[in-house]
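Here is what each chain is made of, one letter per residue.
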Amino acid sequence: GSSRCPPLLDAFDTALEKSVSYVKNRLSPMVKTAEIKVVVKDDDADVADLLKEGLEEVSGETPSFDKAAKLWKKALDKKPEAEGPNANMGSYYFSTGDFEKAVEYYEKAMKAKGSDKNYWREQRKRVEAVMASDGSK
C-alpha cells in the first residue's frame, strides 16, 4: 500500500475527536457545557508525542488527569512557549479549580506562535467568569 496510510490517519482523527469529547466531560461539572480542546499537535515530534500520551491518560479505561498533567509538564519543559502544553495545562488547572493558574496558562497559549488566540482568549474568559461567580477572583 501507500506509505501515507490515509485510512490509519482517518481512524486516528476519528478516535481523537471522540477522545476530546470524553475528556471534556471528565474535566469538571463547571465546564461540561463548554467545548475544551486538548491540543496534541506540535511541530516538535517529542512534544507532540507527550501531548498525545497525556490525552491517552485522560481517555483510557482508568482516566488520570494527574498523569496527563505530568506528561504535559514534560512537554512544557521541552518547549515552554508552545501552545499545546500551555493550553492543556490551563485545562488541567481549570479542572482542578486552580483558576489563577488556568488563566496564566491560557494566556501563555494565546501568546504562542500560530496559536488559536481567540479560542484561548475565550477559555480564559470562561475561567474568569467562574472565578467571579464563586468569589475566587
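The present account deals with the structure reproduced in this document. (Residues numbered from 1 in each chain as written. Predicted model: local features only at pLDDT ≥ 70, side-chain atom pairs only at ≥ 80, totals over all residues. Heavy atoms only, no water.)

1. Let's talk about the pattern of salt bridges
By the definition in use, this model includes 7 salt bridges. Aspartate 42 is the salt-bridge partner of lysine 79, the closest N and O atoms lying 2.8 Å from each other. With lysine 79 in the loop between helix 3 (65-78) and helix 4 (83-96) and aspartate 42 in the loop between helix 1 (6-27) and helix 2 (45-59), the pair connects residues that are 37 residues apart, well separated along the chain. Here lysine 108 makes a salt bridge to glutamate 104, at a shortest N to O gap of 3.4 Å. Residue lysine 108 and its partner glutamate 104 are located together in helix 5 (residues 99-111), separated by 4 residues, close to a single helical turn. Residue glutamate 104 is classed as partly exposed on the basis of its relative accessible area, which comes to 35%. (Salt bridge = Lys/Arg side-chain N within 4 Å of Asp/Glu carboxyl O. Helix = DSSP H or I, 4+ residues; strand = E, 2+ residues; numbered from the N terminus. Buried < 20%, exposed > 50% of the residue type's maximum accessible area, 1.4 Å probe, protein only.)

2. Thoughts on the side chain of asparagine 88
Along the chain, asparagine 88 falls in helix 4. Among the residues examined, asparagine 88 registers a relative accessible area of 0% and is labelled buried. When neighbours within four sequence positions are excluded, asparagine 88 is seen to be in contact with Lys37, Val38, Val39, Leu51 and Trp72. (Contact = heavy atoms within 4.5 Å.)

3. A word on the packing of helix 4 against helix 5
Look at helix 4 against helix 5: their axes get within 7 Å of each other, and the N-to-C directions meet at 160°. As the angle between them shows, helix 4 and helix 5 are arranged roughly antiparallel. Every pair of crossing elements has a handedness; the one defined by helix 4 and helix 5 is left-handed. Residues Glu83, Asn86, Ala87, Met89, Gly90, Ser91, Tyr93 and Phe94 of helix 4 touch helix 5, and the partners they reach there are Phe99, Lys101, Ala102, Tyr105, Tyr106, Lys108 and Ala109. Classifying every residue of the contact of helix 4 with helix 5 gives 9 nonpolar, 3 polar and 3 charged. (Axes fitted to C-alpha atoms, helices over the stretch in contact; angles between N-to-C directions. Parallel < 35°, antiparallel > 145°, perpendicular 65-115°, else oblique. Left-handed = near helix turned anticlockwise from the far one by under 90°. Nonpolar A, V, L, I, M, F, W, Y, C, P; charged D, E, K, R; others polar.)

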